[in-house]
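# Close look at the chain arrangement
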Amino acid sequence: MPEISYPKEVIRDLIEGKLPWNQLKSIISGYKDNDRFDKYVAVLQEKVPWQERILLPLTDELYIVQKGKERIVKCSCGYEFGDYRENWKLKALIHVRDTEAELDEIYPYPSKPEPGYCEMREHYCPGCGIQLEVDTVPFGYPAVFDFLPDLDTFYRDWLRRPLDTKLEFTDLSYELTRRWSAEGRESIKKTDTKARRRKKV
Amino acid sequence: MGIGEGGKTIAEMLEERDRLIAETGYFYGLKELELHDEDPAKMTRFNWRLTNACITAKESAKLLSATPTVRTFGECLFMLLLPQGDCITASHGLAGHVASARDQIAYMVRLGYEDNPKIREGDIFACNSPRYGGGHSADNYTYVPIFHEGELVAWAAGINHIAEVGSALYSASVPIVSPTTYTDGWAYPPMKIGDGFQIAKWWNLLWKEKTRMGNFNILDSNMRVAGSIMIHETVKNVIEEFGIDYFRKGIREILERERRRVETIVRRQMIPGIYKHAYWRLSENKGQVGPSFPFADKDFPIHTPIELHLTGDGRFSIDLSGTSREDYHSWNAPSDGTRRLALAWWWLPQFVHSICINTAFDYLIDYTIPEGSHLNPTNEQLSTSIGLGGMATLMTPLWNICKRCFFSRGVLEEDWSATGCGGLLEPEGVLEVGVPWSFGMFGAAGSWSTDAGSFRDGLSAATCGFNPQSDMGEVEEWDLYEPPLVCLARKLPPNLFAHGKFRGGLGISWVFLVVNAGQRLSISFGSGGGPRIIGPAVGMSGGYPGGYTDWHVIFSNTNALELIEKGMGYPTTLPEIMQWINEGKLKVGKIQYVSGGMPSIPLKDGDLYVLSSHGEAGWGDPVERDLSLIEKDLNEGWMTPGVGKDIYGAVAQSVDGKWQVDKNSTNKEREKIKQTRREKAKPFKEWWLEERELVVNKEFKEEVSYIYQDVLGNAKAGAQFRGFWRVGEDYQL
């Protein structure tokens with residue numbers, strides 16, 4: 001396959017949705033550029049207000065960054081969620097839409113999900129209040145860990161430049177819930193004294 | 001003495017293929033692509049001759065088909081297969097079916113068809129049963145073996161979605177309610193249906209006996225055979241031109257070349273790791289199956305937790321542990337072919353960017369599906385009438401996984417996903433003159449919108465996920481095949497999309513009026529979308545999920561015909577209908593609402609039927625949406641100002657009939673929204689502790705409890721559930 005490389009400005013325009021269609025189409029139809037990831041990360045690095053090295057963008061606002069010897073999830077606002085091997089949602093704010101009225105706000109037609117069977121979980125950044133992800137799941141569904149990247153394999157075997165330190169590739173979220181369970185309800189300051197609506201119908 | 005290369009049986013050739021792949025990692029052990037290296041131009045010419053044979057077969061043979069489903073929508077495919085069934089290349093069209101032919105050929109081999117009924121030059125074989133590698137009985141396959149001097153060197157194959165399958169309960173090509181295999185309609189295993197390149201006469205009689213639209217189905221059968229024979233003839237010419245040795249080696253090299261191509265794409269666009277996604281839907285059987293099937297007279301929640309592990313060597317390991325049990329609904333996927341076909345709907349549009357659609361990617365996938373689940377059923381009495389659908393709806397989660405990956409990797413231009421809202425309207429009836437009729441209208445299936453991407457809104461009424469060549473077609477042509485159903489309008493109503501910094505594509509709504517219903521008329525709707533839920537339609541990066549369902553509103557006993565006769569016009573959207581009712585202009589006796597798939601519902605003259613498919617998922621926080629895009633949505637009527645303010649924080653006012661968004665007021669409103677979020681939301685830990693008490697007390701609705709029983713019954717999925725909620729190992733429901 002031929003070696004292709006686009007100027008950084010083109011990648012920036014792609015990110016910002018500024019590429020004209022004919023240019024975008026030719027990028028879609030052409031061979032991929034080998035240095036895309038590096039230029040992509042370089043453009044994003046210029047956009048964030050902090051200095052930590054971006055290892056992997058996760059969403060519009062969330063990045064896995066190298067902080068000292070740690071790899072953490074960080075919001076563009078600067079809020080830090082902790083080790084990337086824990087599901088960041090467990091460190092976010094959560095609001096659950098589980099009533100007819102709240103679901104009507106988002107889905108004004110009859111096709112909205114049915115409360116009691118399905119709930120909509122909105123995850124916000126505690127630092128800036130931005131909405132980071134929205135999940136729809138049955139009541140009682142464990143938080144979905146969308147993506148646990150195998151960073152060491154990616155950098156070592158696919159990009160051919162290993163990261164400085166190697167971390168065990170494992171989901172640490174269960175350790176977090178284990179700690180919460182041990183700490184119990186006494187460990188938190190309740191913000192809502194109302195009893196939650198019972199889900200059983 | 002077998003019919004394969006050098007006197008081998010096809011069974012021996014199958015074993016040889018699998019052994020060489022396992023031993024070397026290369027397709028057929030081809031470490032070197034000698035023909036490609038020796039003369040790339042010759043190989044390209046060879047490849048194009050074969051691909052063109054398939055495309056030409058399709059474009060010519062489709063004209064024999066009775067319906068626009070094939071001619072316009074493109075619901076057919078022609079393929080060239082290895083003797084073992086691997087697809088070398090194919091036409092455009094219903095591309096996923098490249099993956100199931102392999103399984104059907106394997107069934108013929110395992111069943112000993114080489115000895116009985118024997119495979120000879122000029123034979124014609126056919127199959128549509130999901131139990132033998134098919135998707136669902138609507139998808140009918142035809143195979144014509146290609147021989148050279150007594151050796152089976154390839155297969156030509158054609159497949160299309162037929163008009164009607166003869167289900168027991170109601171007319172449809174996709175009967176969504178079928179309690180057992182005995183009500184599914186006509187599903188047949190691989191059969192020899194002709195020889196000497198001629199279809200046996202009894203074959204056409206069977207279509208007339210077994211289905212409601214025998215004549216349509218016979219024409220489609222003729223089409224598949226004609227196209228397959230066209231491929232057969234071209235391949236014979238190619239062998240004569242290139243030589244049999246080149247042909248044998250060349251078709252294997254094409255597959256190894258394609259395997260390398262997709263492997264490279266995966267490494268350039270994906271990221272190794274573990275991806276998780278939740279998917280579930282509801283099969284609403286209650287009240288639909290009649291008193292003869294009490295065991296099926298209930299609603300079945302169908303859940304599949306998806307864990308995809310992309311390993312460092314570029315392989316996809318798909319683990320569906322915890323998937324809901326098999327049951328008396330129609331979503332059981334009974335064979336490897338059904339499952340691989342469904343997965344092809346995922347990987348074809350994401351990775352196979354090639355001159356030939358083929359099955360090389362299939363060798364990168366391993367999957368784990370619990371035995372006894374609806375995706376790996378053991379009870380042969382269960383219905384499989386949408387067996388394909390049960391698995392195929394995983395394509396949306398898997399597309400979403402790719403989308404997430406492409407974003408992280410920076411190949412933003414490749415992200416493509418859709419939720420799958422838009423199915424088949426399947427009316428039937430008897431005309432006034434006594435002529436029975438039935439049809440499957442694919443217009444809604446061809447007008448899915450797409451999810452938003454990280455730098456653009458989703459497309460509206462643009463595509464069909466399972467058919468990359470789809471076209472929603474002309475209303476007038478669809479109307480021709482469903483005489484009493486007159487389409488008054490198809491429109492993109494306001495606010496029928498999912499919100500985000502980039503919004504999902506707009507949903508579409510159709511309004512039909514019943515004119516001259518005849519002696520009898522009813523409609524049903526086959527939908528991948530489930531009622532009462534939003535399953536796999538995740539938004540991303542803070543965007544909202546798409547509404548994963550079609551929905552239907554039927555207005556009975558109306559005066560719509562009278563209004564038209566008086567020249568007073570007619571309403572064209574649901575909001576307009578409701579407005580006309582409120583104004584007293586439109587009189588309505590009864591309003592019926594159905595969500596998702598719809599079993600047979602009778603209609604009569606003057607009834608209005610509204611079919612709507614929700615728009616797709618958004619990307620990014622809505623309060624980040626560019627103000628100029630909001631102004632455009634308001635001025636084009638896609639969004640109402642109230643939604644603009646409540647969801648997007650956009651403060652707009654109309655100036656000389658044009659909506660303008662005020663930047664300063666909007667900034668303040670958006671800050672207010674973000675502040676409100678922080679006030680009403682809880683730290684996850686606090687929510688978890690409260691929620692856990694409900695989980696510990698097992699306060700689940702019955703259907704939700706049904707889902708978790710199967711999760712907890714599976715060692716891996718159960719451990720994850722118990723580990724997240726920190727309930728004991730003995731926790732059961």
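A brief structural summary. (Residues numbered from 1 in each chain as written. Chains lettered and ligands numbered in written order. Predicted model: local features only at pLDDT ≥ 70, side-chain atom pairs only at ≥ 80, totals over all residues. Heavy atoms only, no water.)

Along the backbone of chain A there are six helices and eight strands. Traced from its N-terminal end to its C-terminal end, chain A shows the element sequence α-α-α-β-β-β-β-β-α-β-β-β-α-α. On the principal axes, the C-alpha backbone points of chain A span a range of 60 × 45 × 30 Å. Considering chain A as a whole, with its 201 residues, one finds that 56% of them fall into the buried category. About 8800 Å² of surface is accessible on chain A, with carbon and sulfur atoms providing 50% of the total. Of the charged side chains in chain A, 34 are positive and 36 negative, and the gap between their average positions amounts to 2 Å. (Helix = DSSP H or I, 4+ residues; strand = E, 2+ residues; numbered from the N terminus. Buried < 20%, exposed > 50% of the residue type's maximum accessible area, 1.4 Å probe, protein only. Areas by Shrake-Rupley, 256 points an atom, 1.4 Å probe, with all protein chains shown as cover. Lys, Arg positive; Asp, Glu negative; His and termini not counted. Charge placed at Lys NZ, Arg CZ, Asp CG, Glu CD.)

For the rest of this paragraph, the subject is the layout of surface pockets. When its volume is computed, the second largest pocket comes out at roughly 520 Å³. As for the second largest pocket, its lining consists of 20 residues, of which I15, K47 and D60 of chain A together with S454 and K501 of chain B are closest to the centre. Elements with a minimum of two residues in the lining of the second largest pocket: α3 (36-47) of chain A together with α16 (627-636) of chain B. With three residues, α3 of chain A is the largest single contributor of residues to the lining of the second largest pocket. Among the residues forming the lining of the second largest pocket, the class breakdown is nine nonpolar, four polar and seven charged. Inspection of the lining of the second largest pocket shows a minimum of three residues originating in each of domain 2 (422-620) and domain 3 (624-671) of chain B. (1 Å grid on protein atoms, 1.4 Å probe; cavity = no way out; pocket = protein on both sides within 12 Å on 5 of 7 lines; lining within 4 Å. Points joined across faces, edges and corners; volume = space filled by probe spheres on them. Nonpolar A, V, L, I, M, F, W, Y, C, P; charged D, E, K, R; others polar. Domains from an automatic or database assignment.)

The subject of this paragraph is the sheet that holds strand β13 (residues 436-438) of chain B. All names here are of chain B. With antiparallel pairing, four strands are arranged side by side in an open sheet as β13-β12-β16-β19. On the outer flanks of this sheet lie β13 and β19 (598-602), each paired with one strand and no other. Recorded for the sheet is a direction-independent mean angle of 10 degrees between the axes of neighbouring strands. Where strand β12 (residues 424-430) meets strand β16 (residues 520-526), seven bridges bridge the pair, whose relative direction is antiparallel. Its bridge partner being in β16, E426 is matched across the sheet by S524. (Pairing = 2+ DSSP bridges. Axes fitted to C-alpha atoms, helices over the stretch in contact; angles between N-to-C directions.)

A separate point is the side chain of S171 of chain B. Residues and elements named next belong to chain B. The topology assignment puts S171 in the loop between β5 (151-161) and β6 (191-195). The exposure class assigned to S171 is buried, which follows from its relative accessible area of 2%. Of the polar contacts made by the side chain of S171, one reaches the side chain of E164; its length is 3.5 Å. Among the polar contacts listed, one links the side chain of S171 to the side chain of S438, at a separation of 2.4 Å. Setting aside anything within four residues of it in sequence, one finds S171 in contact with E164, R212, E426, E428, S438 and S524. (Polar contact = N/O pair within 3.5 Å; in protein donor to acceptor, adjacent residues only side chain to side chain. Contact = heavy atoms within 4.5 Å.)

Attention now moves to the pairing of strand β9 (residues 299-310) of chain B. Residue and element names in this part refer to chain B. Burial runs high along β9: eleven of the twelve residues are buried. Relative to β9, strand β8 (residues 273-284) runs antiparallel, the two sharing twelve bridges. Bridge pairing links K276 to E307 in β9. Sheet topology places β9 next to strand β10 (residues 316-319); four bridges connect them, and they run antiparallel. Directly across from H309, in β10, lies its bridge partner S317. Between the antiparallel neighbours β9 and β10 lie five residues, among them G314 with a positive phi of about 80 degrees.

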